Amino acid sequence: MPRRPAASGARSGLPLYLATAFFARLAEEGMAVAMVLLALQRIGSAAQGAFVLTAWMAPHVVAAPLVGALTTRIRRPRLCYLGALGGFAAAIAALSRLVGCAPAPLTLAVALIGGGCGPVVSGGLSSLIAGLLPPGARRDRAYALDAAVYNAASVAGPAAVSVVAVLASPGAAMMLLGCAAATAATLVAGLPYGRAEQASASPGPATSLRADLAAGLAAVWRTAELRAITAGTCLAFGGIGGLTTTTVLLAGHRGHPGAGGILMTAFAIGALLGSLAVARWQPPLSDQRLATLALCGTGLALATAALVPSPTAGAALFVLAGVCDGPLLTATLRIRAGYAPPRTRAQVFTLGAGLKITAAACGATLVGAAAALPPPLLLLGIAAVQLAAALLYTLIRLGARPGGDAPHPPARVPQAPHRALP
């Protein structure tokens, strides 16, 4: 009797994957708030929390290619993901005890180790979807749901930390995040890894780790679509990284101190709604056009919010900016999956995520350095960066030599002629 196709077995794998991704990203998204609150409670200053958070984020871009290469080389990906998420959870639990109570070098070392597992959460998990579902409409929808899960975690993570910190303590909030990461580690062990294990065990020329690292970097650089989406999203995240600080300054500038958190929550809710809308209705656009429109829409909405003084209209415009920003992640995930060579797919996902996080950190630093400028001008600058990112993305795509820059055709199977990738 012939075996049933892998796609039917993936039906039970996708819900489990989405639950795994939610708990892992809930922990990741709540770390920034929890770390600062914990340091503030224990030592009366947020400075150490900021230093620990920097150590937590710093390894992302350095560790991303290595994590992606190791994930591909290991014959049992289940153990790789289980170990990474387990280490992620252990580091969070340890930091809940160490921050403000242990020597700073020890605390920073633990943060560096935990941050080294971060690329699995921020990008590596998304690369698993290609092993759960074959190319086509169902995989497209799965990436949209993955983006929605990411946006949902960005809303729920800081909110859960804030509530638990008020009702119990910041230490308890950190432990909650550790439990969420541990739950993700438990769930990831139950995912079906059949395709990934077959790919790892498939015969082929033996390559060194250095060669695999070079292959992943080369895939991003030489494939026009990957190079374009990486450059465009990194530039965009350079602006988004400074959005939190800018909204806090903007709210104070307009006589509503404390409303900055409301604006960021509105943006996050909008992003969740945008990604859910793409998952539900599948707009008749190629992913390239969807990414371009998302960047342009986000920039125009933020620019209008900078010029409109009304708090109500400002909040509505931040929701609109988020609605436009949400589909960008969906399009990014699909483009990575479609154009990345199978052997380097995990590296493409982890490297892209690591570079975006680094760009966001740089953007936050730049806004901090320019905090003396009028907040509306800062928000206009962030909006201009989104439009510049759309232009950069388009120029790189159109400037590639036909046939010479994208040796790996997309793996997706279009569901209709209008979904075909150019």
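Residues numbered from 1 in each chain as written. Predicted model: local features only at pLDDT ≥ 70, side-chain atom pairs only at ≥ 80, totals over all residues. Heavy atoms only, no water.

## Examining the overall build of the protein chain
Step number 1: Helix and strand counts for the protein chain come out as 18 helices and zero strands.
Step number 2: In the protein chain, buried positions account for 50% of the 422 residues.
Step number 3: Considering only contacts in the protein chain between residues 6 or more positions apart, those separated by 24 or more positions represent 86%.
Step number 4: Of the roughly 17600 Å² that the protein chain leaves accessible, carbon and sulfur atoms contribute 72%. (Helix = DSSP H or I, 4+ residues; strand = E, 2+ residues; numbered from the N terminus. Buried < 20%, exposed > 50% of the residue type's maximum accessible area, 1.4 Å probe, protein only. Contact = heavy atoms within 4.5 Å. Areas by Shrake-Rupley, 256 points an atom, 1.4 Å probe, with all protein chains shown as cover.)

## Overview of the environment of P376
Step number 1: Checked against the element boundaries, P376 lands in helix 18 (residues 375–399).
Step number 2: A relative accessible area of 18% places P376 in the buried class.
Step number 3: Between the C-alpha atoms of P376 and T246, which are 130 residues apart in sequence, the distance is 8.4 Å.
Step number 4: With near-sequence residues (within four places) excluded, P376 lies in contact with L250, H253, R254 and A306.

## Details of the pattern of salt bridges
Step number 1: Under the criterion given, the structure shown has three salt bridges.
Step number 2: Between E225 and R397 there is a salt bridge, with its nearest N and O atoms 3.1 Å apart. Taken together, the residues E225 in helix 12 (residues 224–240) and R397 in helix 18 connect sequence positions 172 residues apart.
Step number 3: On the basis of relative accessible area, E225 is assigned to the buried category, the value being 8%. (Salt bridge = Lys/Arg side-chain N within 4 Å of Asp/Glu carboxyl O.)

## A short note on a nonpolar patch on the surface
Step number 1: Side chains of I269, L273, L320 and V323 sit close together on the surface and give an oily, nonpolar patch of about 300 Å² of accessible area.
Step number 2: Only helix 14 (260–281) and helix 16 (311–339) provide two or more residues apiece to the nonpolar patch. (Patch = residues over 30% accessible without salt bridge, like charges linked within 9 Å, V, L, I, M, F, W, Y side chains within 5 Å.)

## Section: the packing of aromatic side chains
Step number 1: This structure, assessed with the given rule, holds three aromatic pairs.
Step number 2: A ring pair is formed by F22 and F23, whose centres lie 5.7 Å apart and whose planes are at 70 degrees; its orientation type is edge-to-face.
Step number 3: For F22, a relative accessible area of 26% translates into the label partly exposed.
Step number 4: When its relative accessible area of 28% is taken as the criterion, F23 is described as partly exposed.
Step number 5: Arranged with centres 5.3 Å apart and planes meeting at 45 degrees, the rings of W56 and F88 form a pair that is tilted. Taken as a pair, W56 in helix 2 (residues 47–57) and F88 in helix 4 (residues 77–98) lie far apart in primary sequence, 32 residues in all. (Phe/Tyr/Trp six-rings, centres within 6.5 Å; stacked < 30°, edge-to-face > 60°.)

## Topic: the nonpolar core
As a rule of thumb, soluble globular proteins bury nonpolar side chains together.
Step number 1: By size, the foremost hydrophobic cluster in this structure holds 83 residues, and its most contacted members are Y17, M31, W56, L85, F88, I92 and L95.
Step number 2: Among the elements that take part in this core, helix 1 (residues 6–43) stands out by supplying twelve residues, more than any other.
Step number 3: In this structure L85 touches T20, A24, V120, V121, A181, A184, A185 and V188, once residues within four positions along its chain are discounted. (Core = buried A, V, L, I, M, F, W, Y, C linked by side-chain atoms within 4.5 Å.)

## Considering the packing of helix 8 (residues 137–167) against helix 9 (residues 170–188)
Step number 1: The N-to-C vectors of helix 8 and helix 9 enclose an angle of 140 degrees; their axes lie 7 Å apart at closest approach. Relative to helix 9, the element helix 8 lies oblique. The two elements helix 8 and helix 9 meet at a crossing, and its hand is right-handed. Taking contact as the criterion, the partners of A160, V161, V164 and A165 in helix 8 are, on helix 9, P170, A172, A173, L176 and L177. (Axes fitted to C-alpha atoms, helices over the stretch in contact; angles between N-to-C directions. Parallel < 35°, antiparallel > 145°, perpendicular 65-115°, else oblique. Left-handed = near helix turned anticlockwise from the far one by under 90°.)

## Details of helix 15 (residues 287–307)
Step number 1: Over its 21 residues, helix 15 extends 31 Å from the first C-alpha to the last, a length consistent with the 30 Å expected when each residue adds 1.5 Å.
Step number 2: Counting buried positions along helix 15 gives 15 out of 21 residues, so the element sits mostly inside the fold. (Expected span 1.5 Å × (residues − 1).)

## Some remarks on the side chain of Q386
Step number 1: One can find Q386 in helix 18.
Step number 2: Look at Q386 and you get buried, because its relative accessible area is 1%.
Step number 3: Those residues in contact with Q386 that sit more than four places away from it in its chain are A236, G239, I240, L295, T298 and G299.

## Some thoughts on the confidence of the model for the protein chain
Step number 1: For the protein chain, per-residue confidence averages 82 on the pLDDT scale, and 84% of positions sit at 70 or higher.
Step number 2: When pLDDT is averaged over each helix and strand of the protein chain, the minimum, 51, is found for helix 10 (residues 194–201) and the maximum, 95, for helix 15.
Step number 3: Confidence drops under pLDDT 50 across residues 1–10; counting only partners more than four residues distant or on other chains, this segment forms seven contacts.
Step number 4: In this model residues 403–422 is a low-confidence stretch, pLDDT under 50, and it forms 49 contacts with partners more than four residues away in sequence or in other chains. (pLDDT = per-residue confidence, 0-100.)

## Looking at the environment of A144
Step number 1: Here A144 shows up in helix 8.
Step number 2: Taking the C-alpha atoms as reference, A144 lies 9.5 Å from G274; in sequence the two are 130 residues apart.
Step number 3: Setting aside residues up to four positions removed in sequence, A144 forms contacts with S275, V278, A279, T330 and R334.

## Looking at the state of the cysteines
Step number 1: Taken as a whole and assessed by the stated rule, the structure comprises zero disulfides.
Step number 2: C362 takes part in no disulfide bond, and the closest cysteine sulfur to it belongs to C234, at a distance of 9.8 Å. (Disulfide = S-S within 2.5 Å.)

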